[in-house]
Amino acid sequence: KPPAGGFQVVKLAPDGRVEKVVSLPLDTPQFTLIHDCAMSDRFLAFIVPPWKLRLDKVAGALSGATSFGHSFDWRDDLGTYLVIIEKATMEVVHQGTIPAMSTYHFAGAYEEAAEVPASKGGSRDEHDDPFEFCGYTGFGDAECADDDAGDGKEDGEKDGEDELAPTRELLHILVNRLNGDRRALEANFSSMYDSVWDPAGYNTLCDYVVDLGTGALLSSEALVPTGDAAWGGKGDIDDGQLPMEFPVTAPGARLRKPRFVYTLGFTGGGAGYFDSVQKLDAGACKWRDGVRVCQRSGAHKTRVMPPGVFPSEVEFVPKKAGEVSEEEEDDGYLLYLEYDSRVHRSSLVILDAADIEGKELARVKMPYHVPHTFHGTFKRAGEGAR
């Protein structure tokens, strides 16, 4: 049964039996909201924003006298709490505070063994990360190297520290990071018909890299650099990641590094809500000698809807069941419900996941509208729901 306070993490056997229950450690005893978590092959990762139930609102919220959802407040001073649990033992292996950020959804997590040189720094993204980041040098106290400054070595020459770079076990957590203020987002949720949306109300899909040996957060960069057009610039909308929500990967790529992530996007084209589907190439950014180098061209594909047409979260349906190679990862279909406000009707749309900008494979027109929805699933003929 649920605890009187706090949160519990439950491990279930394939037949549904409860194998183990552990309490999730939190930074404060205040009630908070946890919507989602990320799972890798060996670990669970919880990123808990400082969205706290105000102490002066507890009695009213629990009694129903006041709105529970409107009784929270953002505590930027507390930072965000990161908890990593080992799945096999259900033991907490790391917990601690990271810079304050807000999130609802994850695109998964994966482990990686990598050489992490500590002497180099800098990021080659065109948009600065709002958090302090200096390559794989730790968080907070690292000093960023000047990308334009020489180090006294010829090109290709390495110093002894780089040559002896240790191999560390890393956990990559693919998480949505809210672009703007959580209070403004919740205010929009409270009255969707009166809400006004801009990029601040959406997210950037980021790659949070944790050193599993020390628990240090090493990086919080965008998985794919953001596009200029998404932030009011003059760039093409295909020139980087759009403000997004609802990340989805191919089922066969879960628990490992995905090649592609599909999300809903916001182009800022005047429609006022999600108006596109985007495909992000998770391999667009690579580490070279401790420096993150990103290829923006080709890293992002977008399907933009006509004005007044809004997609719901996509569902990836693979053409074949089971694990797939990186080359086969987008061999499947994208399904989503699409609402057309011009005729107040909805359709089920099917795209080729390998070519989301191409021609529709099928469209099922409905004689009615379906209220905007979020998460979904699918099942194969003769199988239970997935």
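See the structure printed just above.
Calculation rules
Residues numbered from 1 in each chain as written. Predicted model: local features only at pLDDT ≥ 70, side-chain atom pairs only at ≥ 80, totals over all residues. Heavy atoms only, no water. Helix = DSSP H or I, 4+ residues; strand = E, 2+ residues; numbered from the N terminus. Polar contact = N/O pair within 3.5 Å; in protein donor to acceptor, adjacent residues only side chain to side chain. Pairing = 2+ DSSP bridges. Contact = heavy atoms within 4.5 Å. Salt bridge = Lys/Arg side-chain N within 4 Å of Asp/Glu carboxyl O. Buried < 20%, exposed > 50% of the residue type's maximum accessible area, 1.4 Å probe, protein only. Patch = residues over 30% accessible without salt bridge, like charges linked within 9 Å, V, L, I, M, F, W, Y side chains within 5 Å. Areas by Shrake-Rupley, 256 points an atom, 1.4 Å probe, with all protein chains shown as cover. Arc of directions from axis to C-beta.

A. Spatial organisation of the side chain of Ser219. Along the chain, Ser219 turns up in strand β12 (residues 217–222). Within the local environment of Ser219, its side chain forms a polar contact with the backbone nitrogen of Glu221, the two atoms lying 3.5 Å apart.

B. Up close: the sheet that holds strand β4 (residues 43–48). The strand order across the open sheet formed by 4 strands is β3-β4-β7-β8, and the pairing between neighbours is antiparallel. Looking along the sheet, the strands with just one partner apiece sit at the ends: β3 (38–39) and β8 (92–98). Summarising the sheet, strand β7 (residues 80–86) and β8 pair through 6 bridges and their orientation is antiparallel. Of the residues in β8, the one forming a bridge with Ile85 is Val92.

C. Spatial organisation of the environment of Arg42. Relative to the helices and strands, Arg42 is located in the loop between β3 and β4. Separated by 67 residues in the primary sequence, Arg42 and Ala109 have C-alpha atoms spaced 9.7 Å apart. Once residues within four sequence positions are removed from consideration, Arg42 is found in contact with Ile85, Glu86, Lys87, Glu111 and Glu169. A polar contact of 2.2 Å, which involves the side chain of Arg42, links it to the side chain of Glu169.

D. Region of interest: the side chain of Asn176. Examined against the element boundaries, Asn176 turns out to sit in strand β10 (residues 167–178). The residues touching Asn176, leaving out its near neighbours within four places in the chain, are Met101, Ser102, Thr103, His105, Asn203, Thr204, Leu205, Met244, Glu245, Phe246 and Pro247.

E. Quick look at the pattern of salt bridges. The tally for this structure, following the rule as stated, stands at 18 salt bridges. Ionic pairing is found between Asp181 and Arg183, a salt bridge with its closest N-O pair at 3.2 Å. We classify Asp181 as partly exposed; its relative accessible area is 33%. As a salt-bridge pair, Asp330 and Lys279 come within 2.9 Å of each other at their nearest N and O atoms. Of this pair, Asp330 sits in the loop between β20 (315–318) and β21 (332–340) while Lys279 sits in strand β15 (residues 276–281); the two residues are 51 residues apart in sequence, bridging distant segments of the chain.

F. A nonpolar patch on the surface, seen in detail. A cluster of nonpolar side chains, Val10, Leu12, Val18 and Val21, forms an exposed patch at the surface whose accessible area comes to about 340 Å². Where the nonpolar patch is concerned, the elements lending two or more residues are β1 (8–12) and β2 (18–23). Tracing the backbone shows Val21 in strand β2. Its relative accessible area of 39% is what places Val21 among the partly exposed residues.

G. Representation of helix α3 (residues 182–190) in the model. Among all positions in α3, only Arg182, Leu185, Glu186 and Asn188 are buried. One face of α3 carries all of its buried residues, which in axial projection span an arc of 155 degrees. A distance of 2.9 Å separates the backbone nitrogen of Arg183 from a side-chain oxygen at the start of α3, and that oxygen is part of Asp181.

H. Structural context of unusual backbone geometry. Phi at Leu255 is positive, roughly 80 degrees, even though this residue is not glycine. Secondary-structure assignment places Leu255 in the loop between β13 (244–248) and β14 (260–265). Residue Leu255 is classed as partly exposed on the basis of its relative accessible area of 36%. Of note in the backbone geometry, His344 takes a positive phi value of approximately 55 degrees without being a glycine.

I. Structural detail: the environment of Gly69. Within the element layout of this structure, Gly69 appears in the loop between α1 (58–63) and β6 (72–74). Residue class for Gly69 comes out partly exposed when judged on its relative accessible area of 43%. Along the chain, Gly69 and Glu186 lie 117 residues apart, while their C-alpha atoms are 8.4 Å from each other.

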